[in-house]
Amino acid sequence: MNEIQPSGHVKQLRRTRNGRIVAGVCSGVGQYIGIDPNILRIVLAVASFFGGLGVGIYAVAWLLIPSEEKNASIVQDLIEKNKDNPTWLDAKAKAQEGWAKATKSHNGHKTPSTPVDPYTTHPYAQTKQPND
């Protein structure tokens, strides 16, 4: 995330080394949005009591927010290093195939091209007898 400051430099969301307690996520986010990192730490600690949500948020942020001395996050580095790996290419192809199937119709079910009369296939459907 980038934000242009009035002084002309670009403000970037990064994990910082200053004020780092674990991985620098709270100090980096606090510096980016302009609040005390301890407030974020308290919010994440409270959220951790509700099903571990705070720990999950922190872990995802740690993986997605780059460190201040790097230009890429941990996830971006892993993808870049393994982009030619056959396992990665297979997973990417399957994900694209799954996405194509999921977006094929609005409700995820294949719709028939011609409408089907449900009474013709029902086991108790009454059939017309000739000359009744």
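These figures come from a predicted structure and were not determined experimentally.

Participant: Hey, could you go over the overall build of the protein for me, with residue numbers and the actual values?
Facilitator: Counting secondary structure elements, the protein contains 6 helices and 2 strands. Overall, the protein shows an N-to-C arrangement of helices and strands of β-β-α-α-α-α-α-α. Burial statistics for the protein: of 132 residues in total, 18% are counted as buried. Across the protein, contacts joining residues at least 24 apart in sequence account for 34% of those joining residues at least 6 apart. Roughly 10,900 Å² of accessible area belongs to the protein as shown, and the carbon and sulfur atoms make up 60% of that amount.

Participant: Give me the lowdown on the pattern of salt bridges, citing residues and values where you can.
Facilitator: Tallied over the full model, the rule gives 2 salt bridges. With its nearest N and O atoms 3.6 Å apart, the salt bridge here joins aspartate 90 to lysine 94. Placement of both aspartate 90 and lysine 94 in helix 5 (residues 86-102) is noted, with a separation of 4 residues, approximately one turn of the helix. According to the relative accessible area criterion, aspartate 90 is partly exposed, its value standing at 40%. Across the salt bridge formed by lysine 101 and glutamate 97, the nearest N and O atoms sit 3.7 Å from each other. One end of the pair, lysine 101, and the other, glutamate 97, are both in helix 5, 4 residues apart, so they sit about a helical turn from each other.

Participant: Before we move on, could you go through the packing of helix 2 (residues 37-48) against helix 3 (residues 53-64) and cite the residues and values that matter?
Facilitator: Between helix 2 and helix 3, the least distance of the axes is 5 Å, while the angle of their chain directions is 125°. With respect to their mutual orientation, helix 2 and helix 3 come out oblique. Across the interface between the two elements, Leu44, Ala47 and Ser48 from helix 2 touch Leu53, Gly54, Val55, Ile57 and Tyr58 from helix 3. For the contact of helix 2 with helix 3, a count of residues per class yields 6 nonpolar, 2 polar and no charged.

Conventions and cut-offs
Numbers given for residues are sequential positions, taken from 1 along each chain in its written order. This being a predicted model, a pLDDT of at least 70 is required before a residue's local features are given, and a value of 80 or more before pairs of side-chain atoms are given or counted; all residues contribute to the totals for chains, interfaces and linings. Here the side-chain values reflect all heavy atoms present in the structure, with hydrogen atoms and water set aside. Numbering of helices and strands starts at the N terminus; helices are DSSP runs of H or I of at least 4 residues and strands are runs of E of at least 2. Burial classes follow relative accessibility: with a 1.4 Å probe on protein chains only, a residue under 20% of its type's maximum area counts as buried, one over 50% as exposed, and anything between as partly exposed. Note on definitions: a residue-residue contact is assigned when non-hydrogen atoms from the two residues lie within 4.5 Å. Note on areas: Shrake-Rupley with a 1.4 Å probe; residue coverage comes only from the protein chains shown. Take a side-chain nitrogen of Lys or Arg and a carboxyl oxygen of Asp or Glu: if they are within 4 Å of each other, that pair is a salt bridge. Between N-to-C directions, angles cover 0 to 180 degrees, with each direction set by a line fitted to C-alpha atoms, over the stretch in contact for helices. Just so you know how the angles are binned, under 35 degrees is roughly parallel, over 145 roughly antiparallel, 65 to 115 roughly perpendicular, and the rest oblique. Polar here means any residue outside two lists: the nonpolar Ala, Val, Leu, Ile, Met, Phe, Trp, Tyr, Cys and Pro, and the charged Asp, Glu, Lys and Arg; Gly therefore counts as polar.

Shape descriptors only; they carry no functional weight alone.
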